[in-house]
Amino acid sequence: MSAKYTEVLCIGVGLSGVCLGVQLQRKYQFTDVHFYERNVSHSGTWYVNRYPGCACDVPAVFYSYSFEPNVNWSRLLPPHDEIRRYLDGVVEKYNLEDVPGDATGARLRRAAENQSKEFILRVAPKKYHDILVREIACKRQVVDSDSAYLKSLHAPNLHLTKEPIVEILPTGIRTATATYPADVIIMATGFQTNNGLGPLMAERSLESAGRPCAYNNMAVHGYPNFMMIYGPNSTTGYSSVILAIENMVNYALSIVAPMLSGDANEVEITAAAEDA
């Protein structure tokens, strides 16, 4: 099978990936972009997170792209499914394509799924097999060092369930079919917020600077033609993330514009500039 060449690769189709795809079309009339997404659809955090009460934490008037303003939000802080519908409309309007993987990737996923399933069935308690065995790439994967998690499920004082919580009681938690007494309730999403892009950030910036960092939050030396959108230290914490994402997308595209037009082949930040 012959290799397919694509001029722009976008890893991830969350808010940043959608913005990139749209701005490539709007500003540069450019459509030769290939999207890779770990989930089965776009929207990133708004696809993954669906827990009770999941909603926007900034006023909705600020939570839409400047090129696709939404004046029809149902409330000040809209729920996750309403934000997802908004992103569905943007993706459909600009005909952006999600690409979870090609045929080779599909074969590798099937092999990994079979290996993972066999391991879970061998190590985990039988009563939890239906909960633990699932399709790879539908959710964020967990690395279980030394099988510690699966082995812990054999503990007599532990109960695993995927039933949705319907009520928090003064003495515990009630699900659709049972009530569980609890002295302490811990809500943990599992996100790792400080690892950046894993080995890229951990091995480079953590060793050299002691913290995740990049030139203008988006470029690291040694990786030509590579830009991060919403990279390390770019979170504001007080306003809409979409504003920051649009600014970074526009800045990144202004840097790579000579390559899009065929006037350059490569752009790379120098180590001196990154460390300054």
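Presented here is an overview of the structure given in this document. Note that the structure is predicted; figures quoted are calculated from it, not measured.

1. Some details on the overall build of the protein
Inference 1: Secondary structure assignment for the protein yields nine helices and five strands.
Inference 2: Sequence-ordered secondary structure for the protein, helices as α and strands as β, is β-α-β-α-α-α-α-α-β-β-β-α-α-α.
Inference 3: Burial status across the protein gives 35% buried among its 276 residues.
Inference 4: Partitioning the contacts of the protein with sequence separation of at least 6, the portion at a separation of at least 24 is 55%.
Inference 5: Accessible surface, the protein as shown: approximately 17600 Å² in total, 53% of it carbon and sulfur.

2. Quick look at the environment of alanine 182
Inference 1: Mapped onto the elements of the fold, alanine 182 is located in the loop between β5 (179–181) and α7 (199–209).
Inference 2: Considered as a pair, alanine 182 and proline 170 are twelve residues apart in the sequence and their alpha carbons are 8.9 Å apart.
Inference 3: Among residues more than four places away in sequence, those in contact with alanine 182 are Thr171 and Gly172.

3. Considering the pairing of strand β2 (residues 33–36)
Inference 1: Two elements, strand β1 (residues 8–11) and β2, share four bridges in a ladder whose sense is parallel. Bridged to leucine 9 within β2 is histidine 34.
Inference 2: Between the parallel elements β1 and β2, the chain passes through helix α1 (residues 15–28) in a crossover that is right-handed.

4. Let's talk about the sheet that holds β5
Inference 1: Strand order across the open sheet formed by three strands is β3-β4-β5, with antiparallel pairing between neighbours. In this open sheet, the two strands that pair with only one neighbour each are β3 (165–169) and β5. Mean inter-strand twist for the sheet, computed between neighbouring axes without regard to direction, equals 20°.
Inference 2: Bridge count between strand β4 (residues 172–175) and β5: three bridges; the pairing is antiparallel. Following the sheet pairing, isoleucine 173 is matched in β5 by tyrosine 180.

5. Some points on the nonpolar core
Inference 1: Grouped together as the largest cluster of nonpolar side chains are 36 residues, with contacts concentrated most on Leu15, Val18, Leu24, Tyr63 and Tyr65.
Inference 2: Those elements giving two or more residues to this core turn out to be β1, α1, β2, α3 (80–93) and α8 (241–260).
Inference 3: Per-element accounting of this core gives the leading share, eight residues, to α8.
Inference 4: Residue contacts for leucine 24: discarding those within four places in its chain leaves Val8, Gln29, Phe30, Val33, Leu253 and Leu260.
Inference 5: Of all hydrophobic cores here, the second largest spans eight residues; its members include Ile120, Val123, Ala124 and Tyr128.

6. Observations concerning the packing of aromatic side chains
Inference 1: Tallied over the entire structure, the rule returns six aromatic pairs.
Inference 2: Plain terms: the ring middles of tryptophan 73 and tyrosine 86 are 5.5 Å apart, the flat faces sit at 50° to each other, and that makes the pair tilted. Of the two residues, tryptophan 73 is situated in the loop between α2 (45–48) and α3 and tyrosine 86 in helix α3; the sequence distance between them amounts to 13 residues. Across the pair, tyrosine 86 and tryptophan 73 agree in class, each one buried.

7. Quick notes on α1
Inference 1: For α1, built from 14 residues, the straight-helix expectation of 20 Å at 1.5 Å per residue is met to within 8% by its first-to-last C-alpha distance of 19 Å.
Inference 2: Every buried residue of α1 is listed here: Leu15, Ser16, Gly17, Val18, Cys19, Leu20, Gly21, Val22, Gln23 and Leu24.
Inference 3: If you follow the buried residues of α1, they end up packed against β1, β2, α2, α3 and α8.
Inference 4: Among the residues trailing α1, glutamine 29 stands out with phi positive, at a value near 50°.

8. Re the pairing of β3
Inference 1: Looking at chain direction, β3 and β4 are connected through four bridges and run antiparallel. Across the sheet, the residue bridging to isoleucine 165 is threonine 175, located in β4.
Inference 2: Linking β3 to β4, which pair antiparallel, is a turn of two residues.

9. Some details on the pattern of salt bridges
Inference 1: Applying the stated rule across the entire model yields four salt bridges.
Inference 2: For the salt bridge of arginine 85 with aspartate 81, the shortest nitrogen-to-oxygen distance reads 3.8 Å. Within this pair, arginine 85 and its partner aspartate 81 are both found in helix α3, separated by four residues, close to a single helical turn.
Inference 3: Using a relative accessible area of 52% as the deciding quantity, one classes arginine 85 as exposed.
Inference 4: Using a relative accessible area of 35% as the deciding quantity, one classes aspartate 81 as partly exposed.
Inference 5: Between glutamate 167 and arginine 174 there is a salt bridge whose closest N-O contact spans 3.0 Å.

Conventions used here
Residues numbered from 1 in each chain as written. Predicted model: local features only at pLDDT ≥ 70, side-chain atom pairs only at ≥ 80, totals over all residues. Heavy atoms only, no water. Helix = DSSP H or I, 4+ residues; strand = E, 2+ residues; numbered from the N terminus. Buried < 20%, exposed > 50% of the residue type's maximum accessible area, 1.4 Å probe, protein only. Contact = heavy atoms within 4.5 Å. Areas by Shrake-Rupley, 256 points an atom, 1.4 Å probe, with all protein chains shown as cover. Pairing = 2+ DSSP bridges. Right-handed = clockwise from strand over helix to strand, strands pointing away. Axes fitted to C-alpha atoms, helices over the stretch in contact; angles between N-to-C directions. Core = buried A, V, L, I, M, F, W, Y, C linked by side-chain atoms within 4.5 Å. Phe/Tyr/Trp six-rings, centres within 6.5 Å; stacked < 30°, edge-to-face > 60°. Expected span 1.5 Å × (residues − 1). Salt bridge = Lys/Arg side-chain N within 4 Å of Asp/Glu carboxyl O.

So, to be careful, I would describe these as geometric facts and stop short of saying anything about function.
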